[in-house]
Every structure is written in C-alpha cells, then in structure tokens.
Amino acid sequence: MLFGRAHPALAEKLSDISEFRKTCLIFSTRVAQSMKTQDQPSLLGELQMLVSRHCPHKSTKTAIDYLTLYQSETTTDPLLVIYEPRFYIIIQGAKTVKIHKSCFHYDQNHYLIATLDLPLSGRITHATPEKPYLAACITFNPEEIARIIAETRARPGARTLGRTSLGLSPVTADLLDVLYRMLRTLDNERDRDFLAPMLKREIIYCALQGEQRHVLHEIADQRSDTSRINRTLAFLRANFMDDVEAASLPELAGMGQSTFYRRFRAITGLSPLQYRKRLRLQEARRLMLSDDLLAADAGFAVGYESPSQFTREYKVIFGLPPHQDIKRIHTIGLQRYRELNEDVWV
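Now for a description of the structure that goes with this document. Here the structure is a predicted model, which means the values were calculated and not measured.

Each value, and the rule that gives it
- Residues numbered from 1 in each chain as written.
- Predicted model: local features only at pLDDT ≥ 70, side-chain atom pairs only at ≥ 80, totals over all residues.
- Heavy atoms only, no water.
- Helix = DSSP H or I, 4+ residues; strand = E, 2+ residues; numbered from the N terminus.
- Polar contact = N/O pair within 3.5 Å; in protein donor to acceptor, adjacent residues only side chain to side chain.
- Pairing = 2+ DSSP bridges.
- Axes fitted to C-alpha atoms, helices over the stretch in contact; angles between N-to-C directions.
- Salt bridge = Lys/Arg side-chain N within 4 Å of Asp/Glu carboxyl O.
- Buried < 20%, exposed > 50% of the residue type's maximum accessible area, 1.4 Å probe, protein only.
- Core = buried A, V, L, I, M, F, W, Y, C linked by side-chain atoms within 4.5 Å.
- Contact = heavy atoms within 4.5 Å.

### Brief notes about the side chain of Lys95
Part 1 of the argument: Position of Lys95 relative to the elements: it lies in strand 5 (residues 94-99).
Part 2 of the argument: Here the side chain of Lys95 touches Tyr133 through a polar contact of 3.2 Å, side chain to side chain.

### Some thoughts on the sheet that holds strand 3 (residues 79-83)
Part 1 of the argument: One open sheet accounts for four strands, arranged 3-8-5-6; its pairing is antiparallel. Every other strand in the sheet has two partners, leaving strand 3 and strand 6 (102-107) as the edge strands with one partner each. In this sheet, neighbouring strand axes are inclined to one another by 35 degrees on average, regardless of whether the strands run parallel or antiparallel.
Part 2 of the argument: Both strand 5 and strand 6 contribute to a ladder of six bridges, which runs antiparallel. Following the sheet pairing, Lys98 is matched in strand 6 by Cys103.

### Here's the deal with the pattern of salt bridges
Part 1 of the argument: A complete count under the given rule lists 16 salt bridges for this structure.
Part 2 of the argument: Across the pair Asp325 and Arg285 runs a salt bridge, and its minimum N-O distance is 3.0 Å. Of this pair, Asp325 sits in helix 13 (residues 322-332) while Arg285 sits in helix 10 (residues 272-290); the two residues are 40 residues apart in sequence, bridging distant segments of the chain. Across the pair, Arg285 and Asp325 agree in class, each one buried.

### Things to note about the nonpolar core
Part 1 of the argument: One finds Tyr83, Tyr88, Tyr106, Leu112, Tyr133 and Leu166 to be the most contacted residues of the largest nonpolar core, which totals 54 residues.
Part 2 of the argument: The biggest single contributor to this core is helix 10, with seven residues.
Part 3 of the argument: In contact with Tyr106, other than residues within four places in its own chain, are Tyr83, Tyr88, Ile90, Ala94, Lys95, Val97, Leu112 and Leu168.
Part 4 of the argument: Counting residues in hydrophobic clusters, the runner-up holds 42 residues, among them Leu50, Tyr111, Ile149 and Leu195.

### Overview of the sheet that holds strand 10 (residues 166-170)
What links the strands of a sheet is backbone hydrogen bonding, and the strands pair in either a parallel or an antiparallel sense.
Part 1 of the argument: If you trace the six strands from one edge of the open sheet to the other, you get 1-2-9-4-7-10, paired in antiparallel fashion. The strands lining the two open edges of the sheet, one partner per strand, are strand 1 (59-61) and strand 10. Strand after strand, the sheet turns through a mean of 20 degrees between neighbouring axes, direction not considered.

### Notes on the environment of Cys103
Part 1 of the argument: Inspection of the secondary structure assignment puts Cys103 in strand 6.
Part 2 of the argument: Taking the C-alpha atoms as reference points, Cys103 and Ser121, separated by 18 residues in sequence, lie 9.3 Å from one another.
Part 3 of the argument: With sequence-adjacent residues up to four places away left out, Cys103 is seen in contact with Thr96, Val97 and Lys98.

Pasting the structure below:
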C-alpha cells in the first residue's frame, strides 16, 4: 500500500540504513572530539610525521588515488609545470608559483587552489635536511565540486571579476583535521577504502567554506566563463604545436570575440598566445635536454622564428638563457638534476 505501515522487508532495510548512518555519525563525532583537543601547531606536527613516513621519495602517489605526497630536503630551480585542478597543502617549508606577472608565495599557513590546467613557473623556496619541504596534493574534477555544492546548497560568496583559476586561502584547523584523518587511513586498507571517498568530500566541503569558494563555484558551473575558458585550455594543450586559428577559440568557448579575450586574460593571467608559448617553451627545454638540440634548433622546432625572442622568453620562465641553463644542468648531471628539481613536481 502507498500509505500506512511499510512492508516488513522494507522496514528492515530502512532500519539497517538508519543504523549505518548512526554508526557513521558516532565515528565522525568521536574522531572530531578527539581532534578538537589538538591545536593547529599540534596537528601540523602530527601531519609532518605522517607525510615523512608515507612519502619515502620526492613524490609518492599513495594508495588513495587522488592523494600525492611530496618531500624535498633542498630548494629547487624555477620549473615550468602544468598545474591541473588540485588543492595543494604545504605541511612544512614554502613554495613560490608564478604565472605571467602574478606571484604566489605560500607556506603551511595557506593552501593553494588551482581549478584550471595552468602553465606555472614554480620553485620550492624553503627546505633543509633538518626541516624538509613536505606537502600534500589532492586532485579533483568540476563534477565532484558541483555535486557537493548541490547537496549542501553552498553559497559562492562575493563574485570576483579577477582571476578565478588560482588562489590562496588560510589553512584552518578543520582542514588539517580532515587531512590528518585521511593520512591515518593509509595504515589500514579497510579504513582507506571505506573512508577515503568521504574524506575527499569533506576536504571539498571545507574549501567551499573558505575565501576561495567563488573559485570552486566558477569551475563547477558549466555555464560560467571559467568553464568555457577551460574548454579552450584543454584544446590548446592538445594542439599547442599546431598553428591554431585564433578566431576559432571564442567559437569553441561559445563566447563573443572581445568577451573571450578579456575573460581569458582575467581568468588565467595570460593571453591565449602566451599560454601556448609557455607550453612550447616547456617542450623546447625537453628537446634540448632529451634530444640534445641546440637552442636555436629547439626554438625553431616549437615555432619560434627569432632566436633572440626565444632566448628572451626562455630566460623569463627558467631564469637563464637556454645555452647557460642547459650547460648548468649537464654540469650537475641530468639524472641528478631531475631528482633534485623535477621529481618533486610529478
């Protein structure tokens, strides 16, 4: 019957679900109560020990598919890397990332949110053998953000017309608490398999309460300018060696020409041409290191017609002209250089 007493089998099923929810609530409450006794510095100390134990190499992809840990005893050179959508939480040490003329300095007091595939120049600025650089990276996709926004009816906060692809938010005790519980599950496969999906949702929920929540709302909304620009970034990454017609990009984004170029720069900090150049510079450096191409040949191979322009733009990104940069790397040793600088970004 539609109304009245439920069928016995259904009643039993509902009872089981209710008990399961109670168990989850009791578990979460107990963990939360136990962690509330720890202040933020104490949590950081616990996290430093956990990251050190579970990250034996420069970069360790953990048994949790969305979690990568990093450890470095040395600072690094500026390195051009592609930041995919992620939360990046430093547990010890400091880092600088630069995109065009904007520079972000952050340490264990702030975490970084990147929502687009961005070519950044980054380097670790504080790390020693006694106090190594320690960090955790949690990847996500727009669909995951959108589901939690829908379920919680989270508000976006004040909308900004500035960059909505990269931002820093203060680290909170709640965020460290979730990360602590996440790392603890690495010691127990059963806990990890059951709790890891819920803990990721909780990390996202915490970020949706932070100062950069509008950034997450932008990428979660498929109709937003950020999502439209993201489609063109994916296209440029897949075709960066081709001579793409500039007029085709606004059409791909479903935007007018003037609006597209204005919003592209506002969101990424770059023009489409500058975005493509950074991808090409990264490829040119790879060609010089892996295929032993001369600087002029590498520049020509990735689309530069002027060696002087290639040298000038390469120096802006990597800190030295190409010839000096490659010579220095070979002096260190390519394998050693990668161990010191590149492995910690993988």
